[in-house]
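Structural overview for review
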Amino acid sequence: MSKTENLAQHLEKLHINNMYKNDFYWTWDKTDDELDAIFTVADALRDLRERNISTRIFDSGLGISIFRDNSTRTRFSFASACNLLGLDIKDLDEKTSQIAHGETVRETANMVSFMADVVGIRDDMFIEEGHKYQKTFMDALDEGYEKGILEQRPTLVNLQCDVDHPTQSMADLLHVIHEMGGVENLKGKKIAMTWAYSPSYGKPLSVPQGIIGLFTRFGMDVVLAHPEGYEVMPEVEEIAKKNAEESGGSFTKVNSMEEAFKDADIVYPKSWAPFKAMEKRTELYRAGDKAGIDALEKELLAQNAGHKDWSCTEDMMKLTKDGQALYMHCLPADISGLSCKEGEVDNSVFDRYIEPLYKEASFKPYIIAAMIFLSKVKDPVAALRDLEKRGGKRKEF
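Residues numbered from 1 in each chain as written. Predicted model: local features only at pLDDT ≥ 70, side-chain atom pairs only at ≥ 80, totals over all residues. Heavy atoms only, no water.

**Here we look at the pattern of salt bridges**
Following the criterion strictly, the structure yields 27 salt bridges and no others. Across the salt bridge formed by D91 and R75, the nearest N and O atoms sit 2.3 Å from each other. Of this pair, D91 sits in strand β2 (residues 88–92) while R75 is found in helix α3 (residues 73–85), placing the two residues 16 residues apart along the sequence. Between R352 and E314 there is a salt bridge, with its nearest N and O atoms 2.8 Å apart. You can see R352 sitting in helix α13 (residues 347–352) and its partner E314 sitting in helix α12 (residues 314–317), a full 38 residues away along the chain. Among the residues examined, E314 registers a relative accessible area of 26% and is labelled partly exposed. If you follow the salt bridges from partner to partner, you end up with E5, E12 and R385 in one network. (Salt bridge = Lys/Arg side-chain N within 4 Å of Asp/Glu carboxyl O. Helix = DSSP H or I, 4+ residues; strand = E, 2+ residues; numbered from the N terminus. Buried < 20%, exposed > 50% of the residue type's maximum accessible area, 1.4 Å probe, protein only.)

Here is the structure:
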């Protein structure tokens, strides 16, 4: 039996009917079976591609990407995912579009979606704005579809907002599943999601929030560590607590990186901006107060500089389980002695884990492709089997 057939048989047992024609905003909106389905389809698509079998389920159509913040990995992962399934990709550049001339979100949404099957949006810079933009965009598409302007309604993949980064956290978790030898081996494993020093400010909260909001669903012992004043959104912490109670795992908060790293199986040191500061930044942004934003940046950089000891050093790694914890990062990392003088992680630690880090990143295109696949294919089990049966070659050798 092939790996894809084995995965298809597993997919048959899952209750996933609600995924068809539905959007993907946050991981905590999805059931356990729906998350399982994404991991399963991602692995199946990867298996097919590794065997040079075409996974094109579209012979035309567009994937529209809208990045309102800089991106490398997520931008190319979305493009790769669309191409893997047979969609062309078009990136909307707001600076060269009519948005720069005052075009509304409602108008933009419909104008770019005439032949689109999926829209990927990244908007993570301002608290209370990212998810709001995505929701406003998709509500406009609902209206366009209902009134017959659009012959189909594209589905959304959240490529990062102010609340969650689902494609990143799910790629991270699939990496962990493979590293640990199966999802059944996650229960009881300790992951330290810790703040780390960065010489820059304003990094989104959605990565740590995505991790605590997802990993707590799998019976893991999730520790959120940060200096005082670097809290994340309280509502996401509540989600993590609830998840841990239901899964039999735990969710704890500490103000010590050493305590978080002690006996950890996985460490994820990553800088982020304080939630309260990001709220203030949003207020200044709405008021158009550039001077206020500049002053806040200086204040936050000075605050960061008081916590340079929050770094993933060789000594810190020795505190982990057998000194061999899996080091993870969404990339790019601030690497001490390489990309900056002092940063999130020592160059020696980063260099030692470079291959696992690249493997971690390699799961994202397949996670995104699986999200699209499950939202656009009514019978994903039959579709996977049909792809394998047809056995169309992706390329000729």
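**Some remarks on the sheet that holds strand β8 (residues 266–269)**
Read across the open sheet, the five strands follow the order β7-β6-β5-β8-β9; overall the sheet is parallel. Because the sheet does not close on itself, it has two edges, and the strands there are β7 (250–254) and β9 (326–327). Of the pairings in the sheet, the one linking strand β6 (residues 221–225) to β7 comprises five bridges and is parallel in character. Its bridge partner lying in β7, V222 is registered against F251. Of the strands in this sheet, β5 (190–194), β6, β7 and β8 are in contact with helix α7 (residues 206–215), which crosses β5 at around 160°. (Pairing = 2+ DSSP bridges. Contact = heavy atoms within 4.5 Å. Axes fitted to C-alpha atoms, helices over the stretch in contact; angles between N-to-C directions.)

**Quick look at the sheet that holds β2**
Spatially, four strands are ordered β2-β1-β3-β4 in an open sheet, and the strand pairing comes out parallel. At either end of the open sheet lies a strand with only one pairing partner, and these are β2 and β4 (155–161). On average, each strand axis in the sheet is inclined to that of its neighbour by 20°, with strand direction left out of account. Pairing of strand β3 (residues 116–123) with β4, which is carried by six bridges, proceeds in the parallel orientation. Paired with I121 across the strands is N158, a residue of β4. Packed on one face of the sheet, helix α15 (residues 364–376) meets β3 and β4 and runs near 150° to β4.

**Side note on the pairing of β8**
The side chains of a regular strand alternate, first on one face of the sheet and then on the other. Residues I266 and Y268 point to one face of β8 and V267 and P269 to the other, with burial holding for every one of them. In this structure, β5 lies alongside β8, joined through four bridges in parallel fashion. Directly across from M193, in β8, lies its bridge partner Y268.

**Description of the pairing of strand β1 (residues 62–67)**
Burial runs high along β1: five of the six residues are buried. Pairing of β1 with β2, which is carried by five bridges, proceeds in the parallel orientation. Paired with L62 across the two strands is D88, which belongs to β2. Assessed by its sense of winding, the connection that carries the chain from β1 through α3 to β2 is right-handed. (Right-handed = clockwise from strand over helix to strand, strands pointing away.)

**A look at unusual backbone geometry**
Cis geometry is found at the peptide bond from L331 to P332, where omega equals 0°. Its place among the elements puts P332 in the loop between β9 and β10 (335–336). Phi at Q160 is positive, roughly 135°, even though this residue is not glycine. Note on Q160: relative accessible area 2%, which makes it buried.

**Concerning a nonpolar patch on the surface**
On the surface, a nonpolar cluster with roughly 410 Å² of combined accessible area is contributed by M111, F114, M115 and I149. Mapped onto the secondary structure, M115 falls in the loop between α4 (105–111) and β3. Using a relative accessible area of 60% as the deciding quantity, one classes M115 as exposed. (Patch = residues over 30% accessible without salt bridge, like charges linked within 9 Å, V, L, I, M, F, W, Y side chains within 5 Å. Areas by Shrake-Rupley, 256 points an atom, 1.4 Å probe, with all protein chains shown as cover.)

**Observations concerning helix α10 (residues 275–287)**
With 13 residues, α10 should reach 18 Å at 1.5 Å per residue; the first-to-last C-alpha distance of 19 Å fits that figure. Within the sequence span of α10, burial applies to F275, A277, M278, R281, T282 and L284. Check the buried side of α10 and you find it contacts α8 (234–247) and α11 (290–305). Immediately beyond the C-terminal end of α10, within one or two residues, lies G288, with a positive phi of roughly 70°. (Expected span 1.5 Å × (residues − 1).)

**A few points about the packing of aromatic side chains**
The relation between two aromatic rings is expressed through the spacing of the ring centres and the mutual angle of the planes. Under the counting rule described, the total for this entry stands at eight aromatic pairs. An angle of 40° between the planes, with centres 6.1 Å apart, marks the rings of Y133 and F137 as tilted. Of this pair, Y133 and F137 both sit in helix α5 (residues 130–146), four residues apart, which is roughly one turn of the helix. Side by side, Y133 and F137 carry an identical accessibility label, which is buried. Taken together, the ring pairs connect W195, Y230 and W310 into an aromatic cluster. (Phe/Tyr/Trp six-rings, centres within 6.5 Å; stacked < 30°, edge-to-face > 60°.)

**A closer look at helix α2 (residues 32–50)**
The terminal C-alpha atoms of α2 lie 27 Å apart, and with 19 residues this matches the ideal 27 Å at 1.5 Å per residue to within 8%. α2 sits mainly inside the fold: 14 of its 19 residues count as buried. Following α2 by one or two positions, N52 has its phi on the positive side, about 65°.

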